[in-house]
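Residue-level structure breakdown
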Amino acid sequence: MSSRRRNGKPASCEPCRKEKVRCDHRLPVCSRCQKKRRTVSCFYHPAPLTQRSRNTTVKIASLGVGHMRSPSHSTPEQGESDSASLRAGTASTPATTISNPEEPKSRLGDGFCIPVIGRSLPTGYLGPTSFVAAFEEDHELVSSPSDLQPQEGAVNAFPSALPSHWVQRTAEILSFLKEFSTIEQIVREYYILGQAAVVPSFILNALPTIQTMIDENQLHKSPPEQVARVLENTKHAFHIPPTITGGQFHELYTGSNLRLEILGVFYAIAGRLAAFGLAHDKFPRFEGMAARERFGRRMLAVSDAVLQICTHITPVNDLTIWLLYEIQLLSGVAHGDSSCAKWRRLGDLSTHIFELGLHRDSQLSNSAPKFLIETRRRHFAAAYQLDKSIATFLGRPPRISLRHSDCKLPLDIDDSSLGAGELEFELALQYLDSEGWNTQGALHRSSFLRQRFLVSTFREEILEVSLEPQSHETADKLRDISVRCHKTWNSFPKQLRYSPDCWDEQISTPICLMLIVSYLAYLYNDFLIYRLLAEQDPEAQSALLDVSSTILSSVLAFCTMREDMVDLRPDYMWTILLYGFPSAGVLIKALQKQARTGRPIPYRGSRSVLIRHLSVFISHLDSMSRPSVANQDLFHRASKIFSDIIDEVLEPRVSVTLPGLDMDTLTDSEICMMGSDELDFLNMLEFGGSIDQFIF
C-alpha cells in the first residue's frame, strides 16, 4: 500500500507531488501517470519531504527511477544500456556510495531497498541435528516450503506492496521478452541437439504459453497490470500439488501464474547457448561472435536481476535451483571458469540446494510427485559433479560433500517419461535393472548424469587425499581409489563406455562427444592419482605416461569432431587446455629428458606414434594462435615451447634453452600455465566457455 502523510492521508506519487497536482493514489501506477505514459517513474516515496545528505549509502546500487526509459520504447542500442542498468542492481553488488549533486532530493537508492516484512522467509530444510530435530514427525514444521500445501484461508505472510524500484526492475525484466523469438529458438535447438540439459524437456511446454502472453497481453511492453501480476505471483510460495504431472507442471509458473523464475531460466539458457552458434539466422554474420557475446551478457544481466528479486521476496523452490544452476553455467561462459563470480555463484547454488534439502533424499516428501523427485535428483547430481570439476580446476575444497548427502542417483529413464502421466512413468521403471540403468541399451540425458556423478565421487576422494601429507598410507589410499574407479567404470552399461570405434558405429556426433568427455573425466582421475604417486614412487611413472598418452589421443579424437557440430569452439579450446596440456606436458617432458640423458623412458607404447600425436597437438595450438582467438598469445607461446622441445627430441645434438616459461609449470598441475606471471592463463580465458557448457 502507498505511504501516508503525517495527517493520515495517502501520499501522492513523486511525479504528481513535484508537479503539485491531484493524485488518485492508484497502485501500482496512478491514473495521471498512466495517461501520460510515465508508468516507470510513478512511485510512492515513503518519506518524500525528508532531506538527503550529499552522499547517500545504499545497500544495493541501482539506477534512479527518474532516469529510466520506458521499456516499451527500447532500441537495440538501448538494449546494452538496459543490461547495464540491470547489472548495476544485482545481488552481488556491494554497498555503494551514490553522489548526485545535480539532484540532491531524488533519493535514488531509497526506492530499491530490501523490504521490511513482518515475517522472514521460511528457513527451509532443517537436518537431524537442528533445533527442531525432536519434532521430526511434524512434517509441517521441518519440511521445505515447496513441499507444504497452503492451508485454506491462510494469510499471506509476505508484504502486499514492494519497493517501487522492484516494480520498475520487473518491468525491465519483462521488456527483454522482445527478444523471445531468439530465446525460444536457441532453447529448442539445444534440446534437439544437446544431451546435456539438466532440466527435463517438459520445460519446453512453457514456451508457447509465454509466447501467447506476449502476443495477447503485450507482455514485452511491460503493461502495469501484467507487471503487478507477475510480481504478485512470484512473491507467493511455489506450492506443488502432489497429483500434478510433468506435462502439467508448466501451468504452475506460466499463463496467469507466470513467475519471474522461469523467465530467468530461459534467459540464462539462451545466453549460454548463444556462444555455441545456435539460432544462426538470428545473429548478423558480419559481427560474428561479438553479437553473441553481447547477447549472452544481456541475458546474464537480466537473469541476475530475476535472481536478485526472487532471493528477497519468495522462499527457495525448485525453479530457484534451476535458475541458479543455469546462471552458474552462463557465468562460466561470460566471465571464464577462473572468475571469482563463478566460484561465488557455486556457493549460492550449493547453499540453496541445502536449504531446499535436495541433498537428503530420505527427507523428500512422500507426497511429492515422482517426476519432481527425479528432477531434484538430476539437479543434485549435476551440481555435485560441477562442484568437483571447479574444485579440481581451482585447487579449492569442494562445496558439496557426499559424506553429508544421501541423495540417490537419478533413474536412467527418458525425459518423455518424466513429462508423461503416472502410468507411463511406472511403465518406464519396468525397463530398469536393480541398479537403475535401462536394459534396452538406450542413452538418455540421465544416463550421462548418473555416469558423471559416479566418476565425480572418486574425484572427491582424490581431492581429499591430495591435501594430506604424502606417505605410504596415502599411496595405498590412492591405489585403492584407482582400483574402485576402474571397477565402477567397467560396471557401466556397455553403451556408456567410450571406445574409438564409436565414431564408426552410426552413433550421433552429440552422443559420441558426450561419451568421450565422460571418458576423459574418468581417465583424468587416474592421471591425478598417478601424478601424486609418481612423487614418491618412480615405478608409477610408467602408468602416468600410459594414461597421459591415452588422454592425449582421446583429446585429438575430440578435436577432429569440432567441425561436425554447430560451434564447439569454446569446448574445443577448453578440452585442449584442461586435458591436453597436462597430458602432453608430461609426455613431452619425458621425451626431452630421454633426449638429454640417453636413458629410455618407462613408456610401453610406440615412440613414433607418441611424437606424431604431439606434433598434431602442436598443430592444434597453432590453429588457435590467430588474432581472432582471445588466448592467441597463450597458444602462440605454448606452440613455440612444444615445437622447440620436439625439435630437440628429433635432433638430440641440439641443446634447446627454453625462453621464459619452465616446462615444470606445464605439468605441476592440471592448470598448466597458472604459475607463469608472463602468461596470465586465467585472465586470458575471457569469453571462453567451459567443457561443461554444451557437452555437459
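Every value quoted in this text rests on a predicted model; they were computed, and no experiment measured them.

Section: the packing of aromatic side chains
- Inspection of the entire model under this criterion finds 25 aromatic pairs.
- Members of the aromatic cluster, each reached through a chain of ring pairs, are Phe 202, Phe 238, Phe 249, Tyr 253, Trp 322 and Phe 371.
- The lysine or arginine in question, Lys 388, covers the ring of Tyr 384, its NZ or CZ lying 3.6 Å from the ring centre.
- Sitting over the ring of Trp 343, Arg 399 keeps its end group 4.0 Å from the ring centre.

Quick notes on the pattern of salt bridges
- In the structure shown here, the tally under the stated rule is 27 salt bridges.
- Between Asp 415 and Arg 445 there is a salt bridge; the shortest N-O distance is 3.0 Å. Of this pair, Asp 415 sits in helix H14 (residues 415-419) while Arg 445 sits in helix H16 (residues 445-466); the two residues are 30 residues apart in sequence, bridging distant segments of the chain.
- For Asp 644, the salt bridge is made with Lys 640, and the minimal N-O distance between the two is 2.8 Å. Placement of the pair is Asp 644 and Lys 640 together in helix H22 (residues 632-650), with a separation of four residues, close to one helical turn.
- Using a relative accessible area of 45% as the deciding quantity, one classes Lys 640 as partly exposed.
- The structure contains a network of salt bridges with shared partners spanning Asp 361, Glu 374 and Arg 377.

Concerning the packing of helix H5 (residues 164-175) against helix H8 (residues 224-235)
- Running from N to C, H5 and H8 cross one another at 105 degrees; their axes reach a closest spacing of 10 Å. Relative to H8, the element H5 lies roughly perpendicular. Residues Trp 166, Val 167, Thr 170, Ala 171 and Leu 174 of H5 form the contact with H8, whose own contacting residues are Val 227, Val 230 and Leu 231.

Re the environment of Ile 611
- Relative to the helices and strands, Ile 611 is located in helix H21 (residues 607-623).
- By relative accessible area, which is 8% here, Ile 611 ends up buried.
- Along the chain, Ile 611 and Ile 646 lie 35 residues apart, while their C-alpha atoms are 7.7 Å from each other.
- Each residue touching Ile 611, except ones within four places of it in the same chain, is listed here: Leu 591, Ile 646, Val 649 and Leu 650.

Focus on helix H7 (residues 206-217)
- The terminal C-alpha atoms of H7 lie 16 Å apart, and with 12 residues this matches the ideal 16 Å at 1.5 Å per residue to within 8%.
- When H7 is considered as a whole, its buried residues turn out to be Ala 206, Leu 207, Ile 210, Met 213 and Ile 214. Seen along its axis, H7 keeps its buried residues to an arc of 125 degrees; they face one direction.
- At its buried positions, H7 is contacted by helix H6 (180-193), H8 and helix H9 (260-273).
- Taken from the residues just after H7, Gln 218 is the one with a positive phi, measuring 50 degrees.

Section: the environment of Pro 398
- Inspection of the secondary structure assignment puts Pro 398 in the loop between helix H13 (370-394) and H14.
- The partly exposed category is assigned to Pro 398, whose relative accessible area is 29%.
- Measuring from C-alpha to C-alpha, the distance between Pro 398 and Tyr 384 comes to 8.9 Å, with 14 residues separating the pair along the chain.
- If we ignore the near neighbours within four places in the chain, the residues touching Pro 398 are Asp 387, Lys 388, Ala 391 and Leu 463.

Focus on the packing of H8 against helix H10 (residues 289-313)
- Between H8 and H10, the least distance of the axes is 9 Å, while the angle of their chain directions is 50 degrees. With respect to H10, the axis of H8 lies oblique. Judged by residue contacts, Leu 231, Thr 234 and Lys 235 of H8 engage Ile 309, Cys 310 and Ile 313 from H10.
- Here the contact of H8 with H10 is composed, by residue class, of four nonpolar, one polar and one charged.

Focus: the confidence of the model for the protein chain
- Residues with a pLDDT of 70 or more make up 70% of the protein chain, whose mean pLDDT is 77.
- The lowest-confidence element of the protein chain is strand E2 (residues 96-99), averaging 32 in pLDDT; the highest-confidence one is helix H17 (residues 472-491), averaging 96.
- In the predicted structure, residues 90-118 sits below a pLDDT of 50 and forms 66 contacts with residues beyond four places in sequence or in another chain.
- Note on residues 654-696: pLDDT under 50 across the span, and 143 contacts to partners over four residues away in sequence or across chains.

What counts, and where the lines are drawn
- Residues numbered from 1 in each chain as written.
- Predicted model: local features only at pLDDT ≥ 70, side-chain atom pairs only at ≥ 80, totals over all residues.
- Heavy atoms only, no water.
- Phe/Tyr/Trp six-rings, centres within 6.5 Å; stacked < 30°, edge-to-face > 60°.
- Lys NZ or Arg CZ within 6 Å of the ring centre and 35° of its normal.
- Salt bridge = Lys/Arg side-chain N within 4 Å of Asp/Glu carboxyl O.
- Helix = DSSP H or I, 4+ residues; strand = E, 2+ residues; numbered from the N terminus.
- Buried < 20%, exposed > 50% of the residue type's maximum accessible area, 1.4 Å probe, protein only.
- Axes fitted to C-alpha atoms, helices over the stretch in contact; angles between N-to-C directions.
- Parallel < 35°, antiparallel > 145°, perpendicular 65-115°, else oblique.
- Contact = heavy atoms within 4.5 Å.
- Expected span 1.5 Å × (residues − 1).
- Arc of directions from axis to C-beta.
- Nonpolar A, V, L, I, M, F, W, Y, C, P; charged D, E, K, R; others polar.
- pLDDT = per-residue confidence, 0-100.

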